[in-house]
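# Survey of secondary and tertiary structure
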Amino acid sequence: MNLILFGPPAAGKGTQAKRLVEGRKMVQLSTGDMLRAAIASGSELGKKVEGVMQRGELVTDEIVIALIEERLPEAEAAGGAIFDGFPRTLAQAEALDAMLAKRGAKIDVVLRLKVDDEALMTRIAGRFAESGRPDDNPDSFKVRLGAYNDQTAPLLPYYQGQGKLVELDGMGSIESVAAGIDQALAKLKA
Ligand code: AMP
């Protein structure tokens, strides 16, 4: 099974992805984590994306599509991928569908974690001081939220049109959101 965790920055996608990895032995494919690893390693790619990421803007489609393509065989071997923070644009979503189709696979479900902007700002305010992420500051976060609303949220009708979109309340505790995800996945199998 391949699923997408969809939602704005700080919606809890990474936390829920890690839980699914432990429980279901799927592979988490987080383009944000891959890009941060590239920066930490001092690679050419890292140098190229560092400023863009720090400002909270999106890196190019070409870069993230290549990162995902490289990791698909690993996810396939594990029995499925949890896409976390990818796709973020329509071009990425279409590329993902094409890459999977080429391998005889598909996205099974898109789990949208709904969190309103105000709750998000409160959540993230507590994280700024302790996260250590250079893009966790009020200015960059505003840009990240803007990028989500302008470039990523328009993917919702794309996945709704494919009949894959499941909306979940992302405002509750980690456990209650996890329970919602489990319920949605159980329904999928039924
Ligand atoms: P994340 O950890 O998912 O919040 O991503 C952190 C940052 O990495 C984003 O603000 C973007 O600068 C970059 N990034 C991660 N994933 C993507 C993506 N799919 N498309 C474009 N930029 C991305």
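The following paragraphs examine the structure supplied in this document. (Residues numbered from 1 in each chain as written. Predicted model: local features only at pLDDT ≥ 70, side-chain atom pairs only at ≥ 80, totals over all residues. Heavy atoms only, no water.)

## Points about the site of the ligand
- Taken together, 16 residues lie near the ligand, and Thr31, Arg36, Glu57, Arg88 and Gln92 sit nearest.
- With respect to the ligand, the backbone of Gly85 contributes an N or O atom lying 3.0 Å from a nitrogen atom.
- The side chain of Arg133 places a nitrogen or oxygen atom 3.3 Å from an oxygen atom of the ligand.
- The fraction of the free accessible surface of the ligand (480 Å²) that becomes covered by protein chains is 96%.
- Ranked by residue count, the leading element in the shell around the ligand is helix α2 (residues 31-41), at 4 residues. (Near = heavy atom within 4 Å. Polar contact = N/O pair within 3.5 Å; in protein donor to acceptor, adjacent residues only side chain to side chain. Areas by Shrake-Rupley, 256 points an atom, 1.4 Å probe, with all protein chains shown as cover. Helix = DSSP H or I, 4+ residues; strand = E, 2+ residues; numbered from the N terminus.)

## Observations regarding the sheet that holds strand β3 (residues 81-84)
- The 5 strands are arranged β2-β3-β1-β4-β5 in an open sheet whose pairing can be described as parallel. The sheet is open, and its two edges are formed by β2 (27-30) and β5 (165-169), each paired on a single side. Between one strand and the next, the sheet's axes are offset by a mean angle of 25 degrees, whatever the strand orientation.
- By the bridge criterion, 4 bridges tie β2 to β3 in an arrangement that is parallel. Bridged to Val27 within β3 is Ala81.
- Packing against the sheet, helix α1 (residues 13-24) makes contact with β1 (3-6), β2, β3 and β4 (109-114), and its axis sits at approximately 170 degrees to β3.
- Contacts from α2 reach β2 and β3, with the element oriented near 70 degrees to β2. (Pairing = 2+ DSSP bridges. Axes fitted to C-alpha atoms, helices over the stretch in contact; angles between N-to-C directions. Contact = heavy atoms within 4.5 Å.)

## What to know about the packing of aromatic side chains
- On inspection of all chains with the given rule, the structure shows 4 aromatic pairs.
- Centroid distance Phe128 to Phe141: 6.3 Å. Interplanar angle 70 degrees. Geometry classified as edge-to-face. Of this pair, Phe128 sits in helix α6 (residues 117-131) while Phe141 is found in helix α7 (residues 138-152), placing the two residues 13 residues apart along the sequence. Accessibility assignment for this pair places Phe128 and Phe141 in one class, buried. (Phe/Tyr/Trp six-rings, centres within 6.5 Å; stacked < 30°, edge-to-face > 60°. Buried < 20%, exposed > 50% of the residue type's maximum accessible area, 1.4 Å probe, protein only.)

## A short note on unusual backbone geometry
- Cis geometry marks the peptide bond from Phe86 to Pro87, where omega comes out at 0 degrees.
- Of note, the phi angle at Ala10 is positive, near 70 degrees, even though the residue is not glycine.
- Mapped onto the elements of the fold, Ala10 is located in the loop between β1 and α1.
- Unlike most non-glycine residues, Lys25 shows phi in positive territory, near 60 degrees.
- With a relative accessible area of 60%, Lys25 lands in the exposed category.

## With respect to the environment of Arg103
- With respect to the helices and strands, Arg103 occurs in the loop between α5 (90-102) and β4.
- Here the alpha-carbon distance between Arg103 and Glu76, two residues 27 residues apart in the chain, equals 9.1 Å.
- Apart from residues lying up to four places away in sequence, Arg103 is in contact with Leu72, Pro73 and Glu76.

## Concerning the packing of α6 against α7
- As a packed pair, α6 and α7 sit with axes 11 Å apart at the nearest point and diverge in direction by 145 degrees. α7 is crossed by α6, and the crossing has right-handed handedness. Contacts between α6 and α7 involve Asp117, Leu120, Met121, Ile124, Arg127 and Phe128 from the former and Pro138, Phe141, Arg144, Leu145 and Asn149 from the latter.
- In the contact of α6 with α7, the residues fall into 7 nonpolar, 1 polar and 3 charged. (Left-handed = near helix turned anticlockwise from the far one by under 90°. Nonpolar A, V, L, I, M, F, W, Y, C, P; charged D, E, K, R; others polar.)

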